[in-house]
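# Secondary and tertiary structure notes
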Amino acid sequence: MTSIIAIRGGSDTGKTTTLWMVYMYLVRCASSVRFFLNYMDRGFVEMAVAPDKILCNDKKQTIDFRAVLTIRHNVYVIVSEGDYKKSIHSGLNWALRFTPTAIICASRAEGASWQKLEEYLNTFPSLLLTAEIDLKKTPGITMEDRERENTKKITDLVFDRTDKNTESKKELDKGNVDFCVYNRSTNTSDIPFKTMPIIP
């Protein structure tokens, strides 16, 4: 049984940034990582070295990515693109190839992309929606605070699946997730890629 942890939100609610923060939090205790970046909106390429910063384009928008992380023999796949039906379809098909313990993905709050996710849940009995996290804009709460809070919710769900009391989790909690919010870079020109051609 594969769990799906879905974050839902409209445009510019922080879906991709939240998933970058989840990735940056989890990568520190993963025994293996494969990282794929949406290269100039032309498709995903595997990077030779997983990034240690949130990568943004020249408009300061976070770049979509896919990651496969192994933590204590459990495989977690993060798929950040989810605004469109086509991207949900492509991302989930790709994620299922890794037979993951859980898929952490994004979707619009309603409409075609969320309907596509529901369609997958109905088509594949081995998929189970374990959590839905809504990224609604809340008056008085900054986007950064919301991203921190939702990162914590998602990573807690992941560690509930593995082992809440691992030394890794205790160590990560000491550091908090603040570093994730501000650790950004728009310099993608010197990124070493591992594979070509681009994955559809």
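Residues numbered from 1 in each chain as written. Predicted model: local features only at pLDDT ≥ 70, side-chain atom pairs only at ≥ 80, totals over all residues. Heavy atoms only, no water.

### Considering the packing of aromatic side chains
What counts is decided by this rule: Centres within 6.5 Å are what make two rings of Phe, Tyr or Trp a pair, Trp counting through its six-membered ring; a difference in plane orientation under 30 degrees is then read as stacked, over 60 as edge-to-face, and the rest as tilted. Numbering of helices and strands runs from the N terminus, with a helix taken as a DSSP run of H or I at least four residues long and a strand as a DSSP run of E at least two residues long. Summary of the burial criterion: residues with accessible area below 20% of their type's maximum are buried, those above 50% are exposed, and those between are partly exposed, where the area comes from a 1.4 Å probe applied to protein chains only. Criterion for a charge above a ring: Lys NZ or Arg CZ within 6 Å of the ring centre, and within 35 degrees of the ring normal.
Under the counting rule described, the total for this entry stands at 9 aromatic pairs. With a centroid separation of 6.1 Å and an interplanar angle of 85°, the aromatic rings of Trp 20 and Tyr 23 are classed as edge-to-face. Of this pair, Trp 20 and Tyr 23 both sit in helix α1 (residues 15-26), 3 residues apart, which is roughly one turn of the helix. You'll find Trp 20 and Tyr 23 in the same group, each marked buried. Taken together, the ring pairs connect Trp 20, Tyr 23, Phe 35 and Phe 65 into an aromatic cluster. It is Arg 28 that lies over the ring of Tyr 25; its NZ or CZ is 5.6 Å from the centre.

### Thoughts on helix α2 (residues 85-96)
For clarity, the cut-off: Expected helix span is taken as 1.5 Å per residue step, with the number of steps being one fewer than the number of residues. Arc definition: directions from the helix axis to the C-beta atoms. Working rule for contacts: check all heavy atoms of both residues, and any pair within 4.5 Å makes them a contact.
Over its 12 residues, α2 runs 17 Å from end to end, which matches the ideal 16 Å to within 8%, given 1.5 Å per residue. Buried residues of α2: Ser 87, Ile 88, Gly 91, Leu 92, Trp 94 and Ala 95, and no others. Viewed along the axis of α2, the buried residues span an arc of 160°, placing them on a single side of the element. For α2, the elements touching its buried residues are β2 (32-38), β5 (65-71), β6 (74-79), β7 (102-107) and α3 (112-123).

### Here's the deal with the pattern of salt bridges
The criterion, for reference: Take a side-chain nitrogen of Lys or Arg and a carboxyl oxygen of Asp or Glu: if they are within 4 Å of each other, that pair is a salt bridge.
The full count for this structure, using the stated rule, is 5 salt bridges. Between Arg 66 and Glu 81 there is a salt bridge, and its shortest N-O distance comes to 2.6 Å. Of this pair, Arg 66 sits in strand β5 while Glu 81 sits in the loop between β6 and α2, and the two are 15 residues apart along the sequence. By relative accessible area, Arg 66 is classed as buried at 1%. Classification of Glu 81 by relative accessible area gives buried; the value is 8%. One salt bridge connects Glu 149 with Lys 153, and the closest N-O pair in it is separated by 3.5 Å. Highlighted residues: Glu 149 and Lys 153, both in helix α4 (residues 143-161), separated by 4 residues, approximately one helical turn.

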